[in-house]
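Analysis of the macromolecular model
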Amino acid sequence: MRNRKKMKHMTLLLAAAAATAGAAALGTVSTDAGAGNGTVVTAQAAEGTPVQRGSCGTEAVYTLTADGTLRIAPKKGVSSADMEDYTEKTTPWSDSSVRKIIISRGIRSIGAEAFQNAYRVRTVSLPDTLERIGDRAFANADELTEISVPNRVTYVGRSAFAHCDSLRTARLPQGVQVIPHTAFYACRSLTDVTVSSSLKKIDTYAFADCPSLRGWHTTAAGGTRGVVRLPDTVTSVGGMAFAWDRSVSSVAVPKNTRQIRSNSFYKCTKLKQVKVASGNRTYRSAGGVVFTKNRKTLVLYPAGRKGSYKVPAGTRTIGTAAFRGCSGLTGVKIPNSVTKISANAFRFCGRLRGIRLSSRVKSIGSYALGTTSSGTMNLRFVLAAPAGSAGSRYAD
């Protein structure tokens, strides 16, 4: 998923009527205040001789001019229109011919893959009428630097901004309550994200491989360097949602979160603690480590910790992949209360040289112990366990 064709020279500004921008990196963007409609226009946008016209939706049309400006607008006499999707067909315009995109007022949705790989685009302007951004709409925009999504937008599609290597900041409006699968995947320069205070779900790989991410917050909460602060409304954080985000040092989980995966923060090598709000009815944290509310299962151990760890007495289960990818872990003391070590529990813990288990451990899942950081068997790993126990059988 990481290997892809590199794109060049693209700057994107998504502006709501209430958030007019100043000078963009590669063009000046202003609001047509005289028109009173909140449409964002670009200097010299109307110049150029039309070289191609056509339909891009039932009620939507496009015009491509000689200077590379692509304008999407409702048909004459139509007040609103939606672009069509391009998942199963090619766009009528050539990606290499487009240098500037203007979405006119009245357009409500951008079609899936509409501008994917339009690598020469330097400016994109969106109106306050926009409600939906389709799947992979602007994927692979390597020079994208800033996103401020218009206030009426309620849907941002899968991989909508994936692989935008130069993207630094992103602002999502209140209406976006779900951040879907791979929405910002591999935005490797992304440092700060502002999300809705009513956000409910962060899907799988949504912000994975964003190694520069240092602030993730709501407008009301403000940002703190290295902290991912989930809004109180978030109920679910998907697997690998923030994987490989090497600048994240702390995570704050609110009281309403009911589902968080052990690999939601996989390979976050600076993550030292995950704090769970005291009112959470599903999880609790002890010393920055996540457990189920009843303290019986260890769910998630921060991947950035180094040295050894003593599992608290009373813990019965080491959860699935709870320590997976903790490359700095050198030792673990398992109490006699533990009866189960789930699959992948200590997988990819390359510096972990051994574990001592009691006869009370009755179940050990696949790949739970003794693998290196690359996944091969660690021949130096020592598993000490009583003869005839589950530990000795696993060692055999």
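Preceding this section is the structure that the text describes.
All figures in this text were calculated on a predicted structure; none of them were measured in a lab.

For the chain, the count of helices and strands is 1 helix and 33 strands. In the chain, buried positions account for 53% of the 396 residues. Look at the contacts in the chain between residues 6 or more apart in sequence, and 43% of them connect residues 24 or more apart. For the chain, the exposed surface amounts to about 17,000 Å²; the carbon and sulfur share of it is 46%.

Moving on to the environment of Cys-187. Mapping Cys-187 onto the fold places it in the loop between strand 15 (178-179) and strand 16 (192-195). Look at Cys-187 and you get buried, because its relative accessible area is 0%. Cys-187 sits 23 residues away from Cys-210 along the chain, and the two C-alpha atoms are 5.2 Å apart. Contacts of Cys-187, omitting those with residues within four sequence positions, involve Phe-161, His-163, Cys-164, Leu-167, Asp-209 and Cys-210.

Note: strands within a sheet are paired through backbone hydrogen bonds, in either parallel or antiparallel orientation. One open sheet holds the 7 strands; their spatial order is 12-14-16-18-19-21-23, and the pairing between them is parallel. Each end of this open sheet is capped by a strand with a single partner; those strands are strand 12 (146-148) and strand 23 (273-276). The average angle at which neighbouring strand axes cross in this sheet is 15 degrees, direction not considered.

Glancing now at the nonpolar core. The tendency in soluble globular proteins is for nonpolar side chains to be buried as a group. In terms of nonpolar packing, the biggest core is built from 71 residues, with Trp-93, Phe-115, Phe-184, Phe-207 and Trp-216 touching the most fellow members. Those elements that place two or more of their residues in this core are strand 5 (60-65), strand 6 (69-74), strand 8 (100-103), strand 9 (107-110), strand 16, strand 21 (250-253), strand 23 and strand 26 (297-300). Looking at this core element by element, the count peaks at 3 residues for strand 5. Setting aside chain neighbours within four positions, we find Phe-115 in contact with Leu-70, Ile-72, Met-83, Trp-93, Ile-101, Ile-103, Ile-110, Ala-137 and Phe-138. Residues Ala-303, Leu-352, Phe-381 and Leu-383 belong to the second largest nonpolar core, which totals 28 residues.

What follows deals with the sheet that holds strand 13 (residues 155-156). The 4 strands are arranged 7-9-11-13 in an open sheet whose pairing can be described as parallel. This sheet does not close on itself; its edge strands, each paired only once, are strand 7 (81-82) and strand 13. Sheet analysis places strand 11 (residues 132-133) next to strand 13, joined by 2 bridges and oriented parallel. From the neighbouring strand, Arg-132 faces strand 13, where its bridge partner is Tyr-155.

Okay, the side chain of Ser-236 next. You can see Ser-236 is positioned in strand 20 (residues 236-237). When its relative accessible area of 10% is taken as the criterion, Ser-236 is described as buried. Within the structure, Ser-236 has its side chain in polar contact with the side chain of Gln-259 (distance 3.1 Å). Setting aside residues up to four positions removed in sequence, Ser-236 forms contacts with Lys-200, Lys-201, Ile-202 and Gln-259.

The subject of this paragraph is the pattern of salt bridges. Using the criterion set out here, one finds 5 salt bridges in the structure. Between Lys-89 and Glu-84 there is a salt bridge whose closest N-O contact spans 2.5 Å. The partly exposed category is assigned to Glu-84, whose relative accessible area is 25%. As a salt-bridge pair, Arg-105 and Asp-128 come within 3.1 Å of each other at their nearest N and O atoms. Here Asp-128 lies in the loop between strand 10 (123-125) and strand 11 and Arg-105 lies in the loop between strand 8 and strand 9, a separation of 23 residues in the sequence. Given a relative accessible area of 35%, Arg-105 falls into the partly exposed group.

Moving on, we get to the pairing of strand 26. Where strand 25 (residues 289-292) and strand 26 come together, 2 bridges link them in antiparallel fashion. Bridging from a neighbouring strand, Val-290 pairs with Leu-300 of strand 26. From the end of strand 25 to the start of strand 26, which pair antiparallel, there are 4 residues, and Arg-295 there has a positive phi angle of about 70 degrees.

Turning next to the environment of Cys-326. Examined against the element boundaries, Cys-326 turns out to sit in the loop between strand 28 (317-318) and strand 29 (329-333). For the pair formed by Cys-326 and Arg-351, sequence separation is 25 residues and the distance between their alpha carbons is 8.7 Å. Sequence-distant contacts of Cys-326, that is, excluding residues within four places in its chain, are made with Tyr-301, Pro-302, Ala-303, Phe-348 and Cys-349.

As enumerated under the stated definition, the model contains 18 aromatic pairs in all. Judged by centre distance (5.6 Å) and plane angle (10 degrees), the rings of Phe-207 and Phe-242 are stacked. Placement of Phe-207 in the loop between strand 17 (201-202) and strand 18 (215-218) and of Phe-242 in the loop between strand 20 and strand 21 is noted, with a sequence separation of 35 residues between them. The two residues Phe-207 and Phe-242 agree in class, both being buried. Among the aromatic side chains, those forming a connected cluster through ring pairs are Tyr-62, Tyr-86, Trp-93, Phe-115, Phe-138, Phe-161, Phe-184, Phe-207, Trp-216, Phe-242 and Phe-265. If you follow Arg-324 out to its NZ or CZ, it ends over the ring of Tyr-266, 5.5 Å from the centre. For Arg-347, the ring lying beneath its charged end belongs to Tyr-367, and the centroid distance is 4.2 Å.

Rules of the game
- Residues numbered from 1 in each chain as written.
- Predicted model: local features only at pLDDT ≥ 70, side-chain atom pairs only at ≥ 80, totals over all residues.
- Heavy atoms only, no water.
- Helix = DSSP H or I, 4+ residues; strand = E, 2+ residues; numbered from the N terminus.
- Buried < 20%, exposed > 50% of the residue type's maximum accessible area, 1.4 Å probe, protein only.
- Contact = heavy atoms within 4.5 Å.
- Areas by Shrake-Rupley, 256 points an atom, 1.4 Å probe, with all protein chains shown as cover.
- Pairing = 2+ DSSP bridges.
- Axes fitted to C-alpha atoms, helices over the stretch in contact; angles between N-to-C directions.
- Core = buried A, V, L, I, M, F, W, Y, C linked by side-chain atoms within 4.5 Å.
- Polar contact = N/O pair within 3.5 Å; in protein donor to acceptor, adjacent residues only side chain to side chain.
- Salt bridge = Lys/Arg side-chain N within 4 Å of Asp/Glu carboxyl O.
- Phe/Tyr/Trp six-rings, centres within 6.5 Å; stacked < 30°, edge-to-face > 60°.
- Lys NZ or Arg CZ within 6 Å of the ring centre and 35° of its normal.

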